[in-house]
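Architecture at a glance
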Amino acid sequence: PWDSHLVRMSVHPNAPVAGHRLRETELRTRYGLNVVAIRRGSQAIVAPKPDQQIFPQDELLFLGTDAQLDSARHLIEEPRQGSSKAHEASIEGYE
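Residue numbers restart at each chain and count upward from 1, following the sequence in its written direction. Only residues with pLDDT of at least 70 get local features here, since the model is predicted, and only at 80 or more are side-chain atom pairs given and counted; chain-wide, interface and lining totals rely on the full set of residues. Think of the side-chain values as coming from all heavy atoms in the structure, minus any hydrogens and water.

When helices and strands are tallied, the chain shows 3 helices and 4 strands. Going from the N terminus to the C terminus, the chain shows its helices and strands as β-α-β-β-β-α-α. Residue burial is assigned from relative accessible area. The probe radius is 1.4 Å, only protein chains are included, and a residue is buried under 20% of its type maximum, exposed over 50%, and partly exposed in between. For the chain, with 95 residues in total, the buried portion stands at 35%. When checking whether two residues touch, look at their non-hydrogen atoms; a contact exists if any pair is within 4.5 Å. The long-range share in the chain, meaning contacts at least 24 apart out of those at least 6 apart in sequence, stands at 77%. For the chain, the exposed surface amounts to about 6000 Å²; the carbon and sulfur share of it is 50%. Here a helix means four or more residues in a row that DSSP labels H or I, a strand means two or more in a row labelled E, and each is numbered from the N terminus. Reported accessibility uses the Shrake-Rupley method at a 1.4 Å probe radius. Residues are deemed covered only where the shown protein chains occlude them.

This is the structure we're talking about:
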């Protein structure tokens, strides 16, 4: 636990996690990462619930090790491969 630290990552507009709920991303179960907070514009969501949806350009505050963060970085900061209009339409409430 002592090699864990807090790191911020911004969600790429077309990232694989964009439009999904935290639970669906498996960031905790698959990668061992804890999302401590989400900054969405001027709003801060501290200790987000598993059903919290992630939106493009959210800033996520993670607690994890360098290895855990590096293994999941592609899901957050990089665009998904082969994007589709269906994905864009699935993001509820995003303006």
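Here is the key point about a regular strand: its side chains alternate between the two faces of the sheet. Note that strand 2 (residues 34-40) and strand 3 (residues 43-46) share 4 bridges and pair antiparallel. Its bridge partner being in strand 3, Ile38 is matched across the sheet by Ile45. We call two strands paired when DSSP finds no fewer than two bridges between them.

Turning our eyes to something else, we now look at the nonpolar core. Val11, Val17, Leu27, Leu60, Phe62 and Ile76 are the most contacted members of the largest nonpolar core, which totals 20 residues. Counting only elements with at least two residues in this core, the list comes to strand 1 (5-10), strand 2, strand 4 (59-64) and helix 2 (66-76). A total of 4 residues in this core trace back to one element, the largest contributor, which is helix 2. Residues contacting Phe62, with those up to four places away along its chain left out, are His5, Leu6, Val7, Met9, Leu27, Leu33, Asn34, Val35, Val36, Leu69 and Ile76. Side-chain atoms within 4.5 Å link the members of a nonpolar core, which is a set of buried Ala, Val, Leu, Ile, Met, Phe, Trp, Tyr and Cys residues.

A few words now on the pattern of salt bridges. Salt bridge, as used here: a side-chain nitrogen of Lys or Arg that lies within 4 Å of a carboxyl oxygen of Asp or Glu. Tallied over the entire structure, the rule returns 5 salt bridges. The salt bridge involving Arg30 is made with Glu26; its shortest N-O contact spans 3.7 Å. When its relative accessible area of 59% is taken as the criterion, Arg30 is described as exposed. Between Asp58 and Arg40 there is a salt bridge, with the nearest N and O atoms lying 2.7 Å from each other. Remark: Arg40 occurs in strand 2 and Asp58 occurs in the loop between strand 3 and strand 4; sequence separation between them is 18 residues. Here Asp58 falls in the buried class, since its relative accessible area comes to 1%. Several salt bridges share partner residues, and in doing so they unite Asp70, Arg73 and Glu77 into one network.

Of all the residues in helix 2, the buried ones are Leu69, Ala72, Leu75 and Ile76. The buried residues of helix 2 occupy an angular sector of 100 degrees when projected down its axis, which confines them to one face. Opposite the buried face of helix 2, at more than 90 degrees from it, the exposed residues are Ala67 and Asp70. On its buried side, helix 2 packs onto strand 1 and strand 4. The directions considered for the arc run from the helix axis to the C-beta atoms.

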